[in-house]
Amino acid sequence: MEETTIVTSPIIWDATALDAIARAILADNTAGVSTADYSVIVLLNDTPELIETAQEILTGYQELSVQADPLELTEGAGDVTITCNDSLIAGDADAGFVVLLDGALYASGTNSITAGVIELTLADPVDGRYSIYIYRLGTSYQSGYIDVVVNEA
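Residues numbered from 1 in each chain as written. Predicted model: local features only at pLDDT ≥ 70, side-chain atom pairs only at ≥ 80, totals over all residues. Heavy atoms only, no water.

Caption draft 1: Inspection of helix H2 (residues 48–59) at higher detail. Look at H2: 16 Å from first C-alpha to last across 12 residues, which is about the 16 Å you get at 1.5 Å a residue. Listed as buried for H2 are Leu 50, Thr 53, Ala 54, Ile 57 and Leu 58. Looking straight down H2, one finds that the buried residues subtend no more than 135° of arc, so they occupy a single side. Seen from the open side of H2, the exposed residues pointing more than 90 degrees away from its buried face are Pro 48 and Glu 49. Contact partners of the buried residues in H2: strand E1 (5–9), helix H1 (15–26) and strand E3 (39–43). (Helix = DSSP H or I, 4+ residues; strand = E, 2+ residues; numbered from the N terminus. Expected span 1.5 Å × (residues − 1). Buried < 20%, exposed > 50% of the residue type's maximum accessible area, 1.4 Å probe, protein only. Arc of directions from axis to C-beta. Contact = heavy atoms within 4.5 Å.)

Quick look at the structure:
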């Protein structure tokens, strides 16, 4: 039986977003996450590097500035542009993203950073609340998020 290590933070994350981000960065070293009165990443291996990375993921929450245009719209009214133009990502080549729709995983992946900016497009979004997380893939693992509301037509 493998031993696990639990890394905690008093910051309360969305569990689905935290799980997707932790698995993207820590890969097979993540057993899972938990959120309640605080957030937890459970590691399968307890190397100092993995523990430090997990702690940086948790403490880097909301360190990046993420914007959306528009923040609220009616279904069928067009696309939503999500941007992160933060000095913390200026030297990075790529960033990760997670998109939740009404709390469920809708999309995730990586995108290029061009001239210090990452830009995503929600094409023809449907009715619901989108939570868009953008996170660094290395060096301190900061993240940021924004909510976009799409109302039924």
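Caption draft 2: Fine view of the pairing of strand E9 (residues 118–122). Judged by which residues are buried, E9 turns out to be one-sided: Ile 118, Leu 120 and Leu 122 face inward and are buried, whereas Glu 119 and Thr 121, on the alternate face, are not. In terms of strand pairing, strand E6 (residues 80–84) meets E9 through 5 bridges, oriented antiparallel. Directly across from Ile 82, in E9, lies its bridge partner Leu 120. (Pairing = 2+ DSSP bridges.)

Caption draft 3: Inspection of H1 at higher detail. For H1, with 12 residues, the first-to-last C-alpha span of 16 Å sits near the 16 Å given by 1.5 Å per residue. Looking at H1, one finds that the buried residues are Ala 17, Leu 18, Ala 20, Ile 21, Ala 22, Ile 25 and Leu 26. Looking at the buried side of H1, the elements it contacts are strand E2 (30–35), E3, H2, strand E7 (94–101), strand E8 (104–112) and strand E10 (128–136). The distance from a side-chain oxygen at the start of H1 to the backbone nitrogen of Thr 16 is 3.0 Å, and the residue carrying that oxygen is Asp 14. Just downstream of H1 lies Ala 27, where phi reads positive at about 55°. (Polar contact = N/O pair within 3.5 Å; in protein donor to acceptor, adjacent residues only side chain to side chain.)

Caption draft 4: Main features of the sheet that holds E9. Judged by pairing direction, the sheet is antiparallel, and its 3 strands sit side by side in the order E4-E6-E9 without closing on themselves. Two strands lie at the open edges of the sheet, namely strand E4 (67–69) and E9, each paired on one side alone. The average angle at which neighbouring strand axes cross in this sheet is 20°, direction not considered. (Axes fitted to C-alpha atoms, helices over the stretch in contact; angles between N-to-C directions.)

Caption draft 5: Here's a closer look at the environment of Glu 152. Within the element layout of this structure, Glu 152 appears in the segment after strand E11 (143–151). On a C-alpha basis, the gap between Glu 152 and Asp 127 in space is 5.0 Å, while along the polypeptide they are 25 residues apart. The residues contacting Glu 152, other than those within four sequence positions of it, are Thr 74, Glu 75 and Asp 127.

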